[in-house]
Amino acid sequence: MHFFRLRLLAALLLGITLISVASTYFDVLAHKHALRIDLARRTQWYGAGLQPQIEQQFMIGSRDALLEVLGRLRQHPDQPALAVFDSEGMLVASAGEVLPAKNVQSEILKRTLTTGREASVFVKAAQDGHAPAGNVVRSGLATNPSASTRLWYEDAIPLHNGDRIVGALLMLVDADYIRTEGMEVWRRSFLRIAAIVVLVVLVTLVMVRWFLQEPVTRAAEWLRRLRHGQAVVEEGASEFGYLLPLAREVTSLAENLTKARAAAETEARLRDAGERIWTADRLAVHVRKRLGDGKLFVVSNREPYMHQRRGGETECIVPPSGLVTAIEPILQACDGTWIAHGSGNEDTAFVDVHDRLRVPPDEMRYTLRRVWLSPEEEAGYYEGFSNEGLWPLCHIAHQRPTFRAGDWKHYQNVNRKFAEVLLEEMSGTKNPVVFVQDYHLALLPRIVKHARPDARVAIFWHIPWPNAEAFGICPWQAELLDGLLGSDVIGFHLQSHCNNFLDTVDRVLEARTDWDHFSIRRKGHLSAVRRYPISVAWDEHESAVPSRSAEQDADAIGVETKPAVGMPSIHGHENGAMAFGNEPAITTGQLHRELGIEGKRLLLGVDRMDYTKGIVERLVAFEHLLDEHAWFLEQIVFVQIASPSRTRIPSYAALRVQVEETVERINRRFQTSRWKPVILIQRQCSHEEVTRFYRAADLCLVTSLHDGMNLVAKEFVAARKDCDGVLVLSRFTGAAQELRDALIVNPYDVEQVSEAIRTGLQMSRNERRLRMERMRQHVKEHNVYRWASNVLTDVCAVRLEDEILAVALNRSQRKLA
Ligand code: ADQ
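Residues numbered from 1 in each chain as written. Predicted model: local features only at pLDDT ≥ 70, side-chain atom pairs only at ≥ 80, totals over all residues. Heavy atoms only, no water.

Participant: Kindly report on the overall build of the protein chain, identifying the contributing residues and their values.
Facilitator: Within the protein chain, the regular secondary structure consists of 24 helices and 23 strands. Evaluated residue by residue, the protein chain yields a buried proportion of 51% over its 817 residues. Sequence-distant contacts in the protein chain: of pairs separated by 6 or more residues, those separated by 24 or more amount to 71%. Carbon together with sulfur atoms contributes 54% to the accessible area of the protein chain, which is approximately 38300 Å² in total. (Helix = DSSP H or I, 4+ residues; strand = E, 2+ residues; numbered from the N terminus. Buried < 20%, exposed > 50% of the residue type's maximum accessible area, 1.4 Å probe, protein only. Contact = heavy atoms within 4.5 Å. Areas by Shrake-Rupley, 256 points an atom, 1.4 Å probe, with all protein chains shown as cover.)

Below, the structure written as structure tokens:
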């Protein structure tokens, strides 16, 4: 910084001085010019006034009279010296001290005598007017550079007798004051320049200190602390002050470094503990190794980044989804391609001519290829066939599936469209691996496999697979099954879904099902059917949960107080009304204040607004609890976060009305001036917001009527680093098969759910902790990275040689036939 300041000062000094000198130089020139013009004008006026009288005397011809007139006309020494010459250029008479030597041939004199016009000139010459030998006589004054020279102004006016030029009057003025004034301007400017330089240097030094040195020092200190692990990345922006663009880059760099360091620490810790916990980094390395020189393609309906215009600004939204968390690290590690429907209203503006863009926006590590659908295609394929047909078909929620031939056409066309885009992206790639997501794209595997038998294809079905009778309702079940069987690996959450799938194929298609190896051979192609229970990310190095209040700490080490008679104990705060008044964890307290529910126990539901999630059933069970156990009145609050979903489908719109009416009814029945039992938040929240709710909740309610897995249950467990909180979980979720320490309920059984809530609220801290610890251990070991690794390991291990031969054989046989 010292050297920088010195260089800055030197540059400033030089720069300002040069600029000031140049500007002063031009000032001086202008000033001198003005003075010269002024002098010339005054001399010419003066001469014009003298001319008639001198001409008159000159005509008379008396030299003495002329001398006398000249003497009279030049009364003051400051007035120009005067000299009268005849037409031969010979001096006739003069007045004034400083005059040229007699007979000296002045250039302007000659010119005036020859042309008959006034002439003038500024000239530098020695004061005595005598030209030393050898000097060139340029004017009436002798120029002698060795003598002290002065600036003079000579002006020659012709003298006439009628039209004839009879002589000339030469006026000589000492113009040296013009030089002196020029020097004076230089002197004054020097002082001004010096003052400006000092001021600018001082101001610059202060500015460097305030605006550069201090932010840089603070930022450097922040980076140093970050390097030592004593600072957090989020503080960075404030340390940089106004250097925000730089801050953004450095912060993102710091984030990456922090992540890399944390990942390395985690890896070292896991290795040391001999644990095989899957992390994003381990997954990335693992899959890269399995892929070899192959390339990964993920195909899903939903895109991982969506450009949406809201209130005049375009936002890049990451839809909260476990899939993005799991798949993104792999795509980033191997620079794969994700193909998805471009559903954002500004999506078209952010792609290149090939409808591609690099994501994540800050890092650009893999390619997102957007597929465009017309509103009709979207309505038929997505809302119609996928969500009014397949969704209710696969969920036992007693919602009739609707199958329309028009929707089916769109479903087929859109699957073909996705396949075409995928094939286009795959062209020229060796050993492509394709991972297709969900029930929207059931036909795609067959189309792709047909065109590219060298591609390894896996599909994961995120929702349940019903029994064969139920699936048989679908008029196009055979086509869907055939489409799926184009995959090398078909994944479901549960073994029962795999069983149902095999059974369905058995009954519907001509294929060889192998129940021992859970595989199906059809048209020479082998598909493995496997169970891959999906999960959530497990962040080993996420920052710790905020500290808990003193009372909760006491509770955590088993200091339990006796409940008052007739009052239930709620999360260990067993002494009546006071039990609800304590301040929970910091973020929890803030959240309670924001919601206006301070001192209350928080029950939480987080779902898409979907009839399979059992939201109404959950509300009814909560109502039953308040009916049955009056002591909960004003003590508990149920917050239901429901993100609007598939809103154009009538059954979803009807569900929304039903949920709102149920909430209103409960609130109307029990609400007091100080308390509202149910808070319904109908919007999509960020992952951070949902996590805050998970951490603040005393009890989380997952009461799906049927659910492939249900990630909310696992997210709640993963968020509870404090090993607290109770999970009430529907037995009809896939998660219930893994999270055995939740309070498992039948969501249709109102009394049972209500009782589970009561039990959960009254459960001792110790039991809560034991249950939560076991659930957390399970989710940690069976996280989403493990899920992705299992699917991709299996698909990468598929042997293709037989496959390609079989397909080639098949084709040639068909041609022969
Ligand atoms: P979904 O039916 O969407 O998924 P779920 O597994 O519960 O159901 O996942 C929902 C996700 O959305 C969760 O990550 C949750 O946090 C988030 N979410 C819900 N409401 C939200 C809100 N208001 N704001 C923000 N985020 C919200 C399907 C199947 C499931 C299966 C998953 C994954 O139906 O059974 O578990 O796929 O395979």
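Participant: Describe in detail helix α18 (residues 650-670), supporting the description with residues and values.
Facilitator: The first and last C-alpha atoms of α18 sit 31 Å apart over 21 residues, in line with the 30 Å expected at 1.5 Å per residue. Those residues of α18 not exposed but buried are Tyr 652, Leu 655, Val 659, Thr 662, Val 663, Ile 666, Asn 667 and Phe 670. All buried residues of α18 project into a common sector of 125 degrees when viewed along the axis, lining one side. What points out from α18, more than 90 degrees from its buried face, is the exposed set Pro 650 and Arg 668. (Expected span 1.5 Å × (residues − 1). Arc of directions from axis to C-beta.)

Participant: Pulling in residues and values, what's your account of the packing of helix α1 (residues 2-60) against helix α4 (residues 176-227)?
Facilitator: Between α1 and α4, the least distance of the axes is 8 Å, while the angle of their chain directions is 155 degrees. In terms of orientation, α1 and α4 fall into the roughly antiparallel class. With respect to the hand of their crossing, α1 and α4 are arranged in right-handed fashion. (Axes fitted to C-alpha atoms, helices over the stretch in contact; angles between N-to-C directions. Parallel < 35°, antiparallel > 145°, perpendicular 65-115°, else oblique. Left-handed = near helix turned anticlockwise from the far one by under 90°.)

Participant: So what about the pairing of strand β5 (residues 164-174)? Which residues, and what values?
Facilitator: For β5, a buried count of eight out of 11 residues is recorded, marking the element as mostly surrounded by other parts of the structure. Sheet topology places strand β1 (residues 81-86) next to β5; six bridges connect them, and they run antiparallel. Looking at β5, one finds that Asp 86 is bridged to Gly 167. The pairing of strand β4 (residues 149-161) with β5 spans 10 bridges and is classified as antiparallel. Its bridge partner being in β5, Asn 161 is matched across the sheet by Arg 164. If you look at the hairpin formed by β4 and β5, you'll find two residues sitting between the two strands, and Gly 162 has a positive phi there, around 65 degrees. (Pairing = 2+ DSSP bridges.)

Participant: Break down the packing of aromatic side chains for me, citing the residues and quoting the values.
Facilitator: Applying the stated criterion across every chain, the model contains 25 aromatic pairs. On the numbers, 5.2 Å between centres and 55 degrees between planes, the contact of Tyr 611 with Tyr 652 is tilted. Placement of the pair is Tyr 611 in the loop between β18 (601-608) and α17 (615-628) and Tyr 652 in helix α18, with a sequence separation of 41 residues. Neither Tyr 611 nor Tyr 652 differs from the other in exposure class; each is buried. Site record: aromatic cluster; members linked through ring pairs are Tyr 381, Phe 385, Phe 403, Trp 408, Tyr 411, Phe 418 and Trp 476. A cation over a ring is seen here: Arg 36 above Phe 122, with NZ or CZ 4.7 Å from the ring centre. A cation over a ring is seen here: Arg 646 above Trp 391, with NZ or CZ 4.2 Å from the ring centre. (Phe/Tyr/Trp six-rings, centres within 6.5 Å; stacked < 30°, edge-to-face > 60°. Lys NZ or Arg CZ within 6 Å of the ring centre and 35° of its normal.)

Participant: Break down the pairing of strand β6 (residues 295-300) for me, with residues and values.
Facilitator: When you tally the buried positions in β6, you get five out of six residues, the bulk of the element. Looking at chain direction, β6 and strand β9 (residues 337-341) are connected through four bridges and run parallel. When the sheet's bridge partners are listed, Val 298 is paired in β9 with Trp 338.

Participant: Kindly report on the site of the ligand, identifying the contributing residues and their values.
Facilitator: If you check the shell around the ligand, you find 23 residues, and the closest are His 462, Cys 685, Asp 707, Leu 711 and Glu 715. Separating a nitrogen atom of the ligand from a backbone N or O atom of Ser 643 is a distance of 3.4 Å. A distance of 2.9 Å separates an oxygen atom of the ligand from a polar atom in the backbone of Met 709. Here the ligand loses 90% of its free accessible area of 710 Å² to cover by the protein chains. Among the elements of the structure, β18, β19 (636-643), α19 (687-696) and α20 (711-719) are those that each provide at least two residues to the shell around the ligand. Class assignment of the residues belonging to the shell around the ligand gives a composition of 11 nonpolar, six polar and six charged. (Near = heavy atom within 4 Å. Polar contact = N/O pair within 3.5 Å; in protein donor to acceptor, adjacent residues only side chain to side chain. Nonpolar A, V, L, I, M, F, W, Y, C, P; charged D, E, K, R; others polar.)

Participant: Run through the sheet that holds strand β22 (residues 726-730), naming residues and quoting values.
Facilitator: Overall, parallel pairing links the six strands, which are arranged β20-β19-β18-β21-β22-β23 in an open sheet. Of all strands in the sheet, those bounded by a partner on one side alone are β20 (678-681) and β23 (743-745). The sheet shows a mean angle of 20 degrees between the axes of neighbouring strands, direction not considered. Relative to β19, β18 runs parallel, the two sharing eight bridges. The residue bridging Gly 605 from the neighbouring strand is Gln 640, located in β19.

Participant: Report on the nonpolar core, specifying residues and quantitative values.
Facilitator: Counting 163 residues, the largest nonpolar core has Trp 338, Leu 480, Phe 501, Leu 727 and Trp 787 as its most contacted members. Those residues in contact with Phe 501, other than ones at most four positions away along the chain, are Trp 465, Leu 481, Leu 484, Leu 485, Ile 490, Phe 492, Ile 520 and Val 529. (Core = buried A, V, L, I, M, F, W, Y, C linked by side-chain atoms within 4.5 Å.)

Participant: Account for the environment of Pro 453, with residues named and values stated.
Facilitator: For Pro 453, the position within the fold is in the loop between α11 (444-451) and β13 (456-460). What makes Pro 453 buried here is its relative accessible area of 14%. With 33 residues separating them in the primary sequence, Pro 453 and Gly 486 have C-alpha atoms 9.6 Å apart.

Participant: Explain unusual backbone geometry to me, using residue names and the numbers behind them.
Facilitator: Cis geometry is adopted by the peptide bond preceding Pro 360, which originates at Val 359 and carries an omega value of -10 degrees. With a phi angle near 75 degrees, Asp 438 is a residue other than glycine that sits in the positive phi range. With respect to the element layout, Asp 438 can be found in the loop between β12 (432-437) and α11.

Participant: Give a description of the sheet that holds strand β17 (residues 525-531) that names residues and reports values.
Facilitator: If you walk across this open sheet you meet the 10 strands as β10-β11-β9-β6-β12-β13-β14-β17-β16-β15, and the pairing is mixed. Single-partner strands in this sheet number two, and they are β10 (356-359) and β15 (512-514). Mean inter-strand twist for the sheet, computed between neighbouring axes without regard to direction, equals 20 degrees. As paired strands, strand β16 (residues 519-522) and β17 are joined by four bridges and run antiparallel to one another. In the strand pairing of β17, Ser 519 is matched with Ala 528.

Participant: So what's going on with the pattern of salt bridges? Which residues, and what values?
Facilitator: In total, this model carries 46 salt bridges according to the counting rule given. A single network of salt bridges, built from pairs that share partners, joins Arg 150, Asp 174, Asp 176 and Arg 179. (Salt bridge = Lys/Arg side-chain N within 4 Å of Asp/Glu carboxyl O.)

Participant: So what about helix α21 (residues 750-762)? Which residues, and what values?
Facilitator: With 13 residues, α21 should reach 18 Å at 1.5 Å per residue; the first-to-last C-alpha distance of 19 Å fits that figure. Along α21, the positions that sit buried rather than exposed are Val 753, Ser 754, Ala 756, Ile 757, Gly 760 and Leu 761. Take α21 and look down its axis: the buried residues cluster within an arc of 155 degrees, on one side only. Those residues of α21 hidden inside the fold are in contact with β18, α17, β19, β21 (699-702), β22 and β23.

Participant: So what's going on with the side chain of Asp 722? Residues and values would help.
Facilitator: Examined against the element boundaries, Asp 722 turns out to sit in the loop between α20 and β22. Take Asp 722: its relative accessible area is 15%, and that puts it in the buried class. Of note is the side chain of Asp 722, whose polar atom sits 3.1 Å from the side chain of Arg 720.

Participant: Could you give me a rundown of a nonpolar patch on the surface, with the residues and numbers involved?
Facilitator: Together, Val 203, Val 206, Met 207, Trp 210 and Phe 211 give the surface a local cluster of nonpolar side chains, amounting to about 500 Å² of exposed area. Structurally, Val 203 can be placed in helix α4. (Patch = residues over 30% accessible without salt bridge, like charges linked within 9 Å, V, L, I, M, F, W, Y side chains within 5 Å.)

Participant: Give a detailed account of the confidence of the model for the protein chain, specifying residues and quantitative values.
Facilitator: Looking at the protein chain, the pLDDT average stands at 85 and 86% of residues meet or exceed 70. Segment residues 129-143: pLDDT under 50, and 40 contacts once partners within four positions in sequence are set aside and those in other chains are kept. When the criterion is pLDDT under 50, residues 543-585 qualifies, and its contacts beyond four places in sequence or with other chains add up to 81 contacts. (pLDDT = per-residue confidence, 0-100.)

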